[in-house]
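As a plain string of letters, each chain reads:
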Amino acid sequence: MDRMHFGQHSSSQFNEALESIRNHLMEMGGLVEKQVVDALESLLHADSGLAEKVMHTEEKVDQLEIQIDEECARVLALRQPAASDLRLIIAVSKAVSDLERIGDESAKIAAMALQLSEQGESPRGYVEVRHIGNHVRNMLRDTLDAFARFDADKALDVAAEDNEVDLEYRSAMRSLVTFMMEDPRAISRVLNIIWSLRALERIGDHARNIAEQVIYLVKGKDVRHISVDEMQKQVKKD
Amino acid sequence: MDTAQSLDNRDAEAGRTPATQDKDHRPAMQDTPYPEHTVGHPFLDDPKMRLRDVNVFYADNQAIHNVSLDIGKNEVIALIGPSGCGKSTFLRSLNRMNDTIDICRVNGELFLERQDLYDSKMDVVELRARVGMVFQKPNPFPKSIYDNVAYGPRLHGLADKKYDLDEMVETSLRKAGLWDEVKDRLHAPGTGLSGGQQQRLCIARTIAVSPEVVLMDEPCSALDPIATAKIEELIAELTESYTIAIVTHSMQQAARVSHRTAYFHLGRLIEVNDTDTVFTKPEHALTEAYITGRFG
């Protein structure tokens, strides 16, 4: 049904440009999602080969970021998009930079995984990494789904999830700090875990940012910097 | 590229193939009904022009259906829509330009402040001094630049002395941003100017009689981009003293110059909203379709 609407555009080249931007965004989203999954695996299983692969994917992600931004700039310059087309371009170009940062954070996790695989495993913190990691992975998957389907309700769910991740992150910090106080010999290894958790928490924030762009795209409402309750009110209003 | 391969598979499983699900995003256009009432904010407090249930007919053909709209003081309102949607017809009914067409009938309430435009006692010449019009093609009189501008004030007896008239001509030409270009050749024929200059001369001629409202019917469609930019600049300056209603085919122009935008579709007024709203988040699906170029 979507193709039909694109087909209605008076200019078929414009249709193609918009479709290409969306396809590239989804390609980049898929790559980044894979990066997050692999980074987690490499950390949990001390798999240095996988960690290196994650860091390698970075280049491809960066290239896509540049390519999509170029495509967006071209559409803005040549087509002067308005209304939903304009919101699509704005949302994509913002989502792209969040995706790129998610890639960066994954690379950080992979770097920690490399260090840990050299130092020997950390005695604590894997449960938290697994738990928060899964949570954040799902958020990223859902936010990309929401983008592909223009689903504002799903985007709203992602934003709500981010609050939970923040809570889990704080509680994990408390228990890891307590652990370090009890066993100072483990500090350097536990710190690697803490930094990985921090990276995961940031990935959650970026997933939420993308979800906010989805809401802007679908509803035309800017829901940044407000509470989830406020967002809910704004989205349900019409 | 096993990564890409597996990604493709996963995306297909997750149903995340872009460009297949779009149902909430862009409603189907062909079935979109007209709204029962104009959506958005067609009405204002204390408007300059108050128009209610305006219908315009050409013989048996109804060109405008029940349009109700307020035009605010010192605002620029852009009337946009596909060709044949009635925006020019509507604009022309605002200073009874349609009177010149025999088969044309206008009904409804059309008020300029408290005055009924279609009152039988209304002096049309006086009305057109209060509600001036600039046309698509520059149409200077075959007279000198000076006489083009002085024509209105002379006709309406606004200037008794040569000195007053000189001043009026200069002020109008200055306001139209043309003075510096023509001050040394005021008595050269107006038709010798460039297209953009001619159009600014026509604007000077229109504002020389101090109208309250200026109607512009695609004033830039015959001009190059630089002349267009000058006219747009001029429109922004003119709002300090006048109310402006502009019909334009260029949506970018509507977006640049206007405060409010009214979208017409097949003789109906579909939506009126702040220009920002219309171009970023239009309320009605037909407006969205037109703005994004999905028909027209």
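Bear in mind the structure is a predicted one, so any value in this text is a computation, not a measurement.

Draft legend 1. Broad picture of the side chain of Asn-192 of chain A. Residues and elements named next belong to chain A. With respect to the secondary-structure elements, Asn-192 resides in helix H7 (residues 187–219). For Asn-192, a relative accessible area of 2% puts it in the buried group. Of note is the side chain of Asn-192, whose polar atom sits 3.4 Å from the side chain of Gln-119. Aside from chain neighbours lying at most four places away, what touches Asn-192 is Met-112, Gln-115, Leu-116 and Gln-119.

Draft legend 2. Structural context of the pairing of strand E10 (residues 260–265) of chain B. Residue and element names in this part refer to chain B. Taken across its 6 residues, E10 has 6 buried, putting it largely inside the fold. On E10, burial covers both faces: Arg-260, Ala-262 and Phe-264 on one face and Thr-261, Tyr-263 and His-265 on the other are all buried. With 6 bridges connecting them, E10 and strand E11 (residues 268–274) associate as antiparallel partners. Pairing of Arg-260 across the sheet is with Asp-274, part of E11. Here E10 folds back onto E11 in antiparallel fashion, the turn holding 2 residues, of which Leu-266 has a positive phi close to 45 degrees.

Draft legend 3. Seen up close, the packing of aromatic side chains. Residue and element names in this part refer to chain B. Going through the model one piece at a time under the given rule, you end up with 3 aromatic pairs over all chains. For the ring pair Phe-90 and Phe-264, a centre distance of 5.4 Å and an interplane angle of 45 degrees mean the geometry is tilted. A residue pair is termed long-range when its members are at least 10 positions apart, and Phe-90 in helix H2 (residues 87–93) and Phe-264 in strand E10 qualify at 174 residues. By the burial criterion, Phe-90 is buried, and Phe-264 matches it. The aromatic ring of Phe-57 is capped on one face by Arg-105, whose charged end is 4.4 Å from the ring centroid.

Draft legend 4. Broad picture of helix H2 (residues 12–44) of chain A. Residues and elements named next belong to chain A. Over its 33 residues, H2 runs 48 Å from end to end, which matches the ideal 48 Å to within 8%, given 1.5 Å per residue. Within H2, 25 of the 33 residues are buried, leaving the element largely enclosed by the surrounding structure. Of the residues trailing H2, Ala-46 is marked for its positive phi of about 45 degrees.

Draft legend 5. Quick peek at unusual backbone geometry. Residues and elements named next belong to chain B. Here the phi dihedral of Asp-46 falls at roughly 50 degrees; this positive angle occurs in a residue that is not glycine. Structurally, Asp-46 is set in the loop between strand E1 (39–40) and strand E2 (49–58). Of the residues examined, Asp-46 reaches a relative accessible area of 57% and is grouped as exposed.

Draft legend 6. Quick peek at the side chain of Glu-288 of chain B. Considering the arrangement of structural elements, one finds Glu-288 of chain B in helix H11 (residues 285–291). An unpaired buried charge is present at Glu-288 of chain B: no salt bridge exists, and Arg-87 of chain A, the closest side chain of opposite charge, is 4.6 Å distant. Side chain to side chain, Glu-288 of chain B and Ser-84 of chain A meet in a polar contact 2.3 Å long. Residues within four places of Glu-288 of chain B in sequence aside, it is in contact with Ala-83 and Ser-84 of chain A together with Pro-282 of chain B.

Draft legend 7. Region of interest: helix H8 (residues 225–238) of chain B. All names here are of chain B. Between the first and last C-alpha of H8 there are 20 Å, a value that for 14 residues agrees with the 20 Å anticipated at 1.5 Å per step. Among all positions of H8, only Ala-227, Thr-228, Ile-231, Glu-232, Leu-234, Ile-235 and Leu-238 are buried. Taken down its axis, H8 places every buried residue within 160 degrees of arc, on the same side. Structural note: H8 exposes Pro-225, Ile-226 and Glu-233 on the side pointing more than 90 degrees away from its buried face. Where H8 is buried, its residues touch strand E4 (76–80), helix H5 (162–175), helix H7 (195–207), strand E8 (213–217), strand E9 (243–247) and helix H9 (251–257). Looking at where H8 begins, the residue whose side-chain oxygen comes 2.7 Å from the main-chain nitrogen of Ile-226 is Asp-224.

Draft legend 8. View of the layout of surface pockets. Residues and elements named next belong to chain B. Within this model, the largest pocket holds a volume of roughly 440 Å³. Within the residue set of the lining of the largest pocket, elements represented by two or more residues are helix H3 (124–130), strand E7 (131–134), helix H4 (145–155) and H7. Its residues placed into classes, the lining of the largest pocket shows 10 nonpolar, 5 polar and 2 charged.

Draft legend 9. The environment of Ile-187 of chain A, seen in detail. Residues and elements named next belong to chain A. Turning to its location among the elements, Ile-187 is positioned in helix H7. According to the relative accessible area criterion, Ile-187 is partly exposed, its value standing at 33%. Residues Ile-187 and His-131, spaced 56 residues apart in sequence, show a C-alpha to C-alpha distance of 21 Å.

How each quantity is defined
- Residues numbered from 1 in each chain as written.
- Chains lettered and ligands numbered in written order.
- Predicted model: local features only at pLDDT ≥ 70, side-chain atom pairs only at ≥ 80, totals over all residues.
- Heavy atoms only, no water.
- Helix = DSSP H or I, 4+ residues; strand = E, 2+ residues; numbered from the N terminus.
- Buried < 20%, exposed > 50% of the residue type's maximum accessible area, 1.4 Å probe, protein only.
- Polar contact = N/O pair within 3.5 Å; in protein donor to acceptor, adjacent residues only side chain to side chain.
- Contact = heavy atoms within 4.5 Å.
- Pairing = 2+ DSSP bridges.
- Phe/Tyr/Trp six-rings, centres within 6.5 Å; stacked < 30°, edge-to-face > 60°.
- Lys NZ or Arg CZ within 6 Å of the ring centre and 35° of its normal.
- Expected span 1.5 Å × (residues − 1).
- Lys, Arg positive; Asp, Glu negative; His and termini not counted.
- Salt bridge = Lys/Arg side-chain N within 4 Å of Asp/Glu carboxyl O.
- Arc of directions from axis to C-beta.
- 1 Å grid on protein atoms, 1.4 Å probe; cavity = no way out; pocket = protein on both sides within 12 Å on 5 of 7 lines; lining within 4 Å.
- Points joined across faces, edges and corners; volume = space filled by probe spheres on them.
- Nonpolar A, V, L, I, M, F, W, Y, C, P; charged D, E, K, R; others polar.

Function-wise, these values are silent; they only describe arrangement.
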